[in-house]
Amino acid sequence: MTTHRHHRRIAASTGLAVLLAGTLAFAATESAVQNGQRIFSERKCAVCHTLHEKGGKVGPDLSTVGATRDEAWLKAFLADPKSVYPNTIMPPFRGTDEERASLAAYLRSLR
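This report concerns the structure included in the present document.

Criteria and thresholds
Residues numbered from 1 in each chain as written. Predicted model: local features only at pLDDT ≥ 70, side-chain atom pairs only at ≥ 80, totals over all residues. Heavy atoms only, no water. Helix = DSSP H or I, 4+ residues; strand = E, 2+ residues; numbered from the N terminus. Buried < 20%, exposed > 50% of the residue type's maximum accessible area, 1.4 Å probe, protein only. Contact = heavy atoms within 4.5 Å. Core = buried A, V, L, I, M, F, W, Y, C linked by side-chain atoms within 4.5 Å. Salt bridge = Lys/Arg side-chain N within 4 Å of Asp/Glu carboxyl O. Polar contact = N/O pair within 3.5 Å; in protein donor to acceptor, adjacent residues only side chain to side chain.

## Section: the overall build of the chain
Within the chain one finds four helices and two strands. Counting from the amino terminus, helix and strand elements in the chain follow one another as α-β-β-α-α-α. Looking at the chain residue by residue over its 111 residues, the buried ones come to 26%. Of the contacts made within the chain by residues no fewer than 6 positions apart, 54% connect residues no fewer than 24 positions apart.

## Examining the nonpolar core
One finds F40, L103, Y106 and L107 to be the most contacted residues of the largest nonpolar core, which totals 17 residues. Elements supplying a minimum of two residues to this core: helix 1 (3-42), helix 2 (71-79) and helix 4 (97-109). Not counting the four nearest positions on each side in its chain, L103 is found in contact with G36, I39, F40, L78 and F93.

## Digging into the environment of P81
With respect to the helices and strands, P81 occurs in helix 3 (residues 81-84). What makes P81 buried here is its relative accessible area of 1%. On a C-alpha basis, the gap between P81 and F93 in space is 8.6 Å, while along the polypeptide they are 12 residues apart. With sequence-adjacent residues up to four places away left out, P81 is seen in contact with T88, M90, P91 and P92.

## Let's talk about the pattern of salt bridges
Throughout the structure, instances matching the rule amount to three salt bridges. We note a salt bridge from E99 to R43, for which the minimum N-O separation is 3.4 Å. Taken together, the positions of E99 in helix 4 and R43 in the loop between helix 1 and strand 1 (50-51) put the pair 56 residues apart, joining distant regions of the chain. The partner of D97 in a salt bridge is R100, and the shortest N-O contact between them spans 2.5 Å. Taken together, the positions of D97 and R100, both in helix 4 and three residues apart, correspond to about one turn of that helix. Note on D97: relative accessible area 58%, which makes it exposed. A residue is classified by how much of its surface remains accessible, and R100, at 15% relative accessible area, is buried.

## Let's talk about unusual backbone geometry
The phi dihedral of K44 falls on the positive side, at around 55 degrees, and the residue is not glycine. With respect to the helices and strands, the residue K44 is situated in the loop between helix 1 and strand 1. On the basis of relative accessibility, which here comes to 56%, the residue K44 falls in the exposed class.

## Description of the side chain of T88
Topologically, T88 is positioned in the loop between helix 3 and helix 4. Given the relative accessible area of 17%, T88 is considered buried. Separated by 3.1 Å, the side chain of T88 and the backbone nitrogen of M90 make a polar contact. Leaving out residues up to four positions away in the same chain, T88 has contacts with P81 and K82.

Dropping the structure here:
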């Protein structure tokens with residue numbers, strides 16, 4: 001095998017690995033968003049929050065929250081809302097770190 005041909009194979013393999021990693025990351029994100037949507041529904045977040053013109057009016061409308069908040073901010077807020085807004089009546093999200101991450105991914109997807 002010539003050096004040139006060997007380098008092309010390495011480059012092709014590296015490109016495939018990068019593509020596969022990106023696809024797996026997208027699938028994991030998609031799964032987190034779907035889990036977050038399920039959690040939002042199961043935990044009855046819409047009792048207080050409006051989402052696409054349906055739901056409660058106690059909390060803010062979350063229809064486009066992902067356009068203004070990043071996932072790290074959402075995770076921190078869900079863990080301890082009063083640390084961000086001392087006068088909020090929203091309780092901390094009670095769930096696992098994975099559930100909180102999924103809920104944050106779902107909220108981030110709302111644009």
